[in-house]
Amino acid sequence: MSHASTLISEDILAYLEAHEHKSLLRFITCGSVDDGKSTLIGRLLYESQLLFEDQLAALERDSQRDGTQGDGLDFALLLDGLAAEREQGITIDVAYRYFSTDKRKYIVADTPGHEQYTRNMVTGASTADCAVILVDARKGVLTQTRRHSYLVSLLGIRHVAVAVNKMDLVDYSEERFREIERDYRVLASQLAFDEITCIPLSALRGDNMTERSEAMPWYRGPTLMEYLETVEVDQERLQRAPFRLPVQWVNRPDLDFRGFAGTIAGGAVASGDRVVVLPSGRESTVERIVTFDGDLERAIAGQAVTFTLADEIDVSRGDLLAAAAAPPPVGDQFEATVVWMADEPLLRGRTYVMRVGTKTVTATIAPLKYKLNVDSLEHVAANQLALNEIGVVELELSQPIAFDPYAANRETGGFILIDRITNNTVGAGMLHFALRRSANVQWQPVEVDRAARAALKGQEPFVVWLTGLPGAGKSAIADVVEQRLLALGRHTYLLDGDNVRQGLNKDLGFRPSDRAENIRRAGEVAKLMVDAGLIVLAAFISPFRADRETARSLFADGEFLEVHVDAPVELAARRDRKGLYAKAERGELANLTGVDAPYEPPEDPDLRLDMAALTLEEAAERVLAVLRDRQLVP
């Protein structure tokens, strides 16, 4: 019986007190199909002697029904909970399990090894302190081993145990183990690991799991459990880093208290320390460190606390409190690595919601520099990232953020991307550095502003964005509306999709990534024209909702009116003066929206024009009626 089990039976309060102060190690297991990941974790759970009797009974019962070990226990069944996993003998989802020893508490993530489940592995690895990478002693280092090792390194895990499993099937050969160890260290020389420990073992037989194996007397290193009990926890490293606290909540229960709550993401802080609020750059002194159990003199990484400051300065959710003597950089344009986790591809020019710690901003994919072939580590030219692909991009943010490179602090350097339409998480990323132009290029303030230009013209500037299939009538309607506005003395400009492609967007094709960039540029031009005090009529197919939402986000509430020029494709083809549909039918034109390229109609436009029932003049009058109702024109 372990010391913990004895203490539980004799003095439960003493056990709980000791358990509360144990360090917590989060680790993942990864490997190729049938390397024995689930068996290894199942054996650890079994050897920890903390399985309940009903769990053991269920394991025995399941081993008889679904097991692969004859009359023996199949430890993998403790983790492979999905029916599909048991039927195929593989791991699909991330399975988290919790156990403890006398020295530590553990959270282990059993992550899937298949390439199509890369996003699942990224999820499991994002909070791990170390990785246990399994290698089948019979097969040696495989392409998937390289893939998993790269992902582990990419996600900031610096401590790796290479578990050479199934040594019993190679007669516990030291020669075979040394060969695999050499191969792996050659592979890992290209990666950013601080420490690699290779351990020969048999998860099924228990060799070198918790006790040293008599079958491998030539091995002098730690058992797997000894390694897990002594490897450095990332929290320990972060406690030596500069102080960082992302502000999660401004706590103001009454007029006499104003505190800033959050979890310390790095370093330590004490009352009286100077701190800086970023990105504003204002400095103050820590007055109190408040917790539920009372004030502290000092707090360290991992603790959830509330700070009060000596000065009344502006601090909001999403700001970062940092050591004044060692502040992080601030920027609004970055190079970053992105792991794409959605079926809809990442496209250049598209804008997403980006969450870094507690800060939420919008981020536009500027260029996609390249995607990574994870198996060969080659850089591959690309226009988009598909599901489970990894690439290096440049990001342009809507406002500056304070950050640390991901390699230095995962909390302040990691981020997620969220789809603006569905609110689904579509990507996870790691910030590398701020681009030089982030600091060197700044908005130039001018005395003559938008309000002055609009007042001179005697009008309120805004954008009418007409979207629809080719041939639906967008440009024709915009032309009529502009003539009517001109007759009213309004100052206007018509941005037509084809006209813009004659010059500014001449370099763009019609792939999804080019279409996204086309609308991004058009939106920025329309924004400048509104700033000049003009009424802008923008006629673009703009087939994707996300890109139209990106354009809308550039303007204030009430400045952007989305008009869906709704015509069935058959009607649009009959009215098509350019002959695009005829060319597409003859196979002379590819990627025509509505034929062999998708169109996503607006779900809630400001105005829908049913072109099967309206004439051109009637459609234009409907647009003007909305403008009059909103008091945008007389």
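For the structure itself, look to the data block above.
Residues numbered from 1 in each chain as written. Predicted model: local features only at pLDDT ≥ 70, side-chain atom pairs only at ≥ 80, totals over all residues. Heavy atoms only, no water.

J.: Tell me about the overall build of the chain, and please be specific about residues and values.
T.: Scanning the chain from N- to C-terminus turns up 20 helices and 30 strands. Here the chain holds 634 residues, and the buried ones make up 52% of them. Accessible surface computed for the chain: about 29,200 Å², of which carbon and sulfur atoms make up 49%. (Helix = DSSP H or I, 4+ residues; strand = E, 2+ residues; numbered from the N terminus. Buried < 20%, exposed > 50% of the residue type's maximum accessible area, 1.4 Å probe, protein only. Areas by Shrake-Rupley, 256 points an atom, 1.4 Å probe, with all protein chains shown as cover.)

J.: Can you tell me about empty space enclosed by the protein, naming the residues and giving the values?
T.: Tallied over the entire structure, the rule returns 5 cavities of 30 Å³ or more. In this structure, the largest cavity is lined by 14 residues; those nearest its centre are Gly 318, Leu 320, Val 356, Lys 359 and Ala 402. Along the lines of polarity and charge, the residues of the lining of the largest cavity split into 7 nonpolar, 4 polar and 3 charged. Each of domain 2 (238–323) and domain 3 (330–437) contributes no fewer than three residues to the lining of the largest cavity. (1 Å grid on protein atoms, 1.4 Å probe; cavity = no way out; pocket = protein on both sides within 12 Å on 5 of 7 lines; lining within 4 Å. Points joined across faces, edges and corners; volume = space filled by probe spheres on them. Nonpolar A, V, L, I, M, F, W, Y, C, P; charged D, E, K, R; others polar. Domains from an automatic or database assignment.)

J.: Hey, could you go over the nonpolar core for me, with residue numbers and the actual values?
T.: Ranked by internal contacts, the top residues of the largest apolar core, which has 66 residues, are Phe 27, Ile 28, Leu 40, Val 152 and Leu 228. Ranked by residues supplied to this core, first place goes to strand 4 (residues 130–136) with 6 residues. Setting aside residues up to four positions removed in sequence, Val 152 forms contacts with Ile 28, Cys 30, Met 121, Ala 131, Ile 133, Ile 157, Val 160 and Phe 193. Grouped together as the second largest cluster of nonpolar side chains are 30 residues, Phe 462, Leu 494, Met 611 and Ala 620 included. (Core = buried A, V, L, I, M, F, W, Y, C linked by side-chain atoms within 4.5 Å. Contact = heavy atoms within 4.5 Å.)

J.: Summarise the pattern of salt bridges; cite the residues concerned and give the values.
T.: Proximity of charged atoms lets side chains of opposite charge pair with each other. As enumerated under the stated definition, the model contains 35 salt bridges in all. Measuring nitrogen to oxygen at the nearest pair gives 3.6 Å for the salt bridge that ties Arg 552 to Glu 562. Here Arg 552, found in helix 17 (residues 545–552), pairs with Glu 562, found in strand 29 (residues 560–566); they are 10 residues apart in sequence, far enough to count as distant. Taking relative accessible area as the criterion, Glu 562 reaches 9% and is therefore assigned buried. Through salt bridges that share partners, Arg 548, Arg 552, Glu 562, Asp 606 and Arg 630 make up one connected network. (Salt bridge = Lys/Arg side-chain N within 4 Å of Asp/Glu carboxyl O.)

J.: Describe in detail the environment of Gly 259, supporting the description with residues and values.
T.: Inspection of the secondary structure assignment puts Gly 259 in strand 9 (residues 257–263). By relative accessible area, Gly 259 is classed as buried at 0%. Spatially, the C-alpha atom of Gly 259 lies 9.9 Å from that of Val 247, the residues being 12 residues apart in sequence.

J.: Quick one: what's the story with the sheet that holds strand 28 (residues 535–539), residue by residue and with numbers?
T.: The strand order across the open sheet formed by 5 strands is 27-28-26-29-30, and the pairing between neighbours is parallel. Only two strands of the sheet have a single neighbouring strand rather than two, namely strand 27 (492–496) and strand 30 (607–610). Taken over all neighbouring pairs, the strand axes of this sheet differ in orientation by 15 degrees on average, direction set aside. Here strand 26 (residues 462–467) pairs with strand 29 via 5 bridges, running parallel. When the sheet's bridge partners are listed, Trp 465 is paired in strand 29 with Glu 562. Helix-sheet contacts for helix 17 involve strand 26 and strand 29, and the interaxial angle to strand 29 is about 150 degrees. Here helix 20 (residues 616–629) sits on the sheet and contacts strand 26, strand 29 and strand 30; the angle it forms with strand 30, its principal contact strand, is near 165 degrees. (Pairing = 2+ DSSP bridges. Axes fitted to C-alpha atoms, helices over the stretch in contact; angles between N-to-C directions.)

J.: So what's going on with helix 16 (residues 512–531)? Which residues, and what values?
T.: Taking 1.5 Å as the rise per residue, helix 16 with 20 residues should run 28 Å; its terminal C-alpha atoms sit 29 Å apart, in good agreement. Looking one or two residues beyond helix 16, the residue adopting positive phi is Gly 533, at roughly 90 degrees. (Expected span 1.5 Å × (residues − 1).)

J.: Summarise unusual backbone geometry; cite the residues concerned and give the values.
T.: Cis peptide bonds are those with omega within 30 degrees of zero, and the linkage from Leu 278 to Pro 279 qualifies with 15 degrees. As for its placement among the helices and strands, Pro 279 is situated in the loop between strand 11 (274–278) and strand 12 (282–291). Phi is positive for Lys 166, which is not a glycine, with a value near 65 degrees. Inspection of the secondary structure puts Lys 166 in the loop between strand 5 (159–165) and helix 8 (174–188). The class of Lys 166 is buried, set by a relative accessible area of 14%.

J.: I'd love a proper account of the packing of aromatic side chains, names of residues and values included.
T.: Considering all chains together, one arrives at 10 aromatic pairs under this definition. Ring centres 6.4 Å apart and planes at 85 degrees place the aromatic pair Phe 27 and Tyr 106 in the edge-to-face group. Taken as a pair, Phe 27 in strand 1 (residues 23–30) and Tyr 106 in strand 3 (residues 104–110) lie far apart in primary sequence, 79 residues in all. Note on accessibility: Phe 27 and Tyr 106 belong to one class, buried. With 5.7 Å between their ring centres and 75 degrees between their planes, Phe 243 and Phe 307 make a pair best called edge-to-face. (Phe/Tyr/Trp six-rings, centres within 6.5 Å; stacked < 30°, edge-to-face > 60°.)

J.: Summarise the environment of Arg 220; cite the residues concerned and give the values.
T.: Tracing the backbone shows Arg 220 in the loop between strand 6 (195–200) and helix 9 (224–230). Given a relative accessible area of 67%, Arg 220 falls into the exposed group. Measuring from C-alpha to C-alpha, the distance between Arg 220 and Ile 199 comes to 9.6 Å, with 21 residues separating the pair along the chain.

J.: If you had to explain the side chain of Asp 496 to someone new, which residues and values would you point to?
T.: When you line up the elements, Asp 496 lands in strand 27. We note that Asp 496 is buried and unpaired, the nearest opposite charge coming from Lys 578 at a distance of 5.5 Å. Side chain to side chain, Asp 496 and Ser 475 meet in a polar contact 2.3 Å long. Among the polar contacts listed, one links the side chain of Asp 496 to the backbone nitrogen of Asp 498, at a separation of 3.0 Å. Setting aside its immediate chain neighbours within four residues, Asp 496 contacts Ser 475, Ala 539 and Phe 540. (Lys, Arg positive; Asp, Glu negative; His and termini not counted. Polar contact = N/O pair within 3.5 Å; in protein donor to acceptor, adjacent residues only side chain to side chain.)

J.: Please provide a residue-by-residue account of the environment of Ala 572, values included.
T.: Turning to its location among the elements, Ala 572 is positioned in helix 18 (residues 569–575). For the pair Ala 572 and Ala 612, spaced 40 residues apart in sequence, the C-alpha to C-alpha distance is 9.5 Å. When sequence neighbours within four positions are dropped, the list of residues in contact with Ala 572 reads Pro 470, Gly 471, Ala 472 and Tyr 581.

So, to be careful, I would describe these as geometric facts and stop short of saying anything about function.
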